[in-house]
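Okay, here's what each chain looks like letter by letter:
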Amino acid sequence: NAVQSGTPTIFSKIVDKSIPADILHEDEECLAFYDVNPQAPVHFLVIPKCPIPMLSSATKNEQVLLGHLLLVAKITAEKLGLYEGYRIVINNGPDGAQSVYHLHIHVMGGRQMDWPPG
Ligand code: 5GP
């Protein structure tokens with residue numbers, strides 16, 4: 001299935017610039033861009049350039065990269081003025097409601113979040 005096969009996703013096309021995205025941050029390892037269907041006044045995604053399908057696929061080899069993604073999430077949230085806080089989410093697999101099988105960190109802010117989520 002798509003989870004195991006490593007089929008290129010829409011996010012690989014954003015990485016190789018064959019489809020556009022509203023990019024907030026780019027470096028050698030990752031990209032941050034606005035979510036096309038925002039669930040908060042500010043909603044962006046941080047993705048690795050290499051197509052790790054999901055958090056479950058990550059190994060010790062990706063430890064530094066995973067840390068980098070989180071720091072880019074934080075730095076980008078601060079650049080966007082989310083000083084009162086924000087929410088980080090990683091949807092993992094079918095039960096996690098993951099729809100795009102290229103690892104991504106959601107960052108949402110600009111409103112009061114509810115807890116627990118649905
Ligand atoms: P998931 O449910 O896999 O955690 O989240 C995938 C996210 O990617 C969704 O929030 C969806 O709105 C976003 N998304 C899907 N396709 C595109 C796209 O082509 N461009 C952008 N910017 N976001 C997308």
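Residues numbered from 1 in each chain as written. Predicted model: local features only at pLDDT ≥ 70, side-chain atom pairs only at ≥ 80, totals over all residues. Heavy atoms only, no water.

Enquirer: Explanation requested: the side chain of His106 in the structure shown.
Expert: Tracing the backbone through its elements, the reader meets His106 in strand S5 (residues 105-109). The class of His106 is buried, set by a relative accessible area of 11%. Engagement of the side chain of His106 in a polar contact is seen with the side chain of His43, the distance being 2.9 Å. (Helix = DSSP H or I, 4+ residues; strand = E, 2+ residues; numbered from the N terminus. Buried < 20%, exposed > 50% of the residue type's maximum accessible area, 1.4 Å probe, protein only. Polar contact = N/O pair within 3.5 Å; in protein donor to acceptor, adjacent residues only side chain to side chain.)

Enquirer: For this particular structure, what's the right way to read the site of the ligand?
Expert: Around the ligand sit 16 residues in total, of which Asp35, Asn91, Ser99, His104 and His106 are the nearest. The separation between an oxygen atom of the ligand and a polar side-chain atom of Asn91 is 2.8 Å. At 2.7 Å from an oxygen atom of the ligand is found a side-chain nitrogen or oxygen belonging to His104. Within the complex, 82% of the 520 Å² of free accessible area of the ligand lies under protein. Broken down by secondary-structure element, the contributors of at least two residues to the shell around the ligand are helix H2 (10-15) and strand S2 (30-34). Broken down by element, the residue count for the shell around the ligand peaks at three residues, all from H2. Along the lines of polarity and charge, the residues of the shell around the ligand split into nine nonpolar, six polar and one charged. (Near = heavy atom within 4 Å. Areas by Shrake-Rupley, 256 points an atom, 1.4 Å probe, with all protein chains shown as cover. Nonpolar A, V, L, I, M, F, W, Y, C, P; charged D, E, K, R; others polar.)

Enquirer: For this particular structure, what's the right way to read the pattern of salt bridges?
Expert: Side-chain pairing between opposite charges can occur once the charged atoms of the two side chains come close. Evaluation of the coordinates by the stated rule reveals three salt bridges. Here Lys17 makes a salt bridge to Glu26, at a shortest N to O gap of 2.9 Å. The exposure class of Lys17 is partly exposed, given its relative accessible area of 47%. We note a salt bridge from Lys49 to Glu26, for which the minimum N-O separation is 2.7 Å. With Lys49 in the loop between strand S3 (42-48) and helix H3 (63-79) and Glu26 in strand S1 (residues 23-26), the pair connects residues that are 23 residues apart, well separated along the chain. A residue is classified by how much of its surface remains accessible, and Lys49, at 24% relative accessible area, is partly exposed. Looking at Glu26, the relative accessible area reads 36%, which means it is partly exposed. (Salt bridge = Lys/Arg side-chain N within 4 Å of Asp/Glu carboxyl O.)

What is shown is where atoms sit, not what they do.
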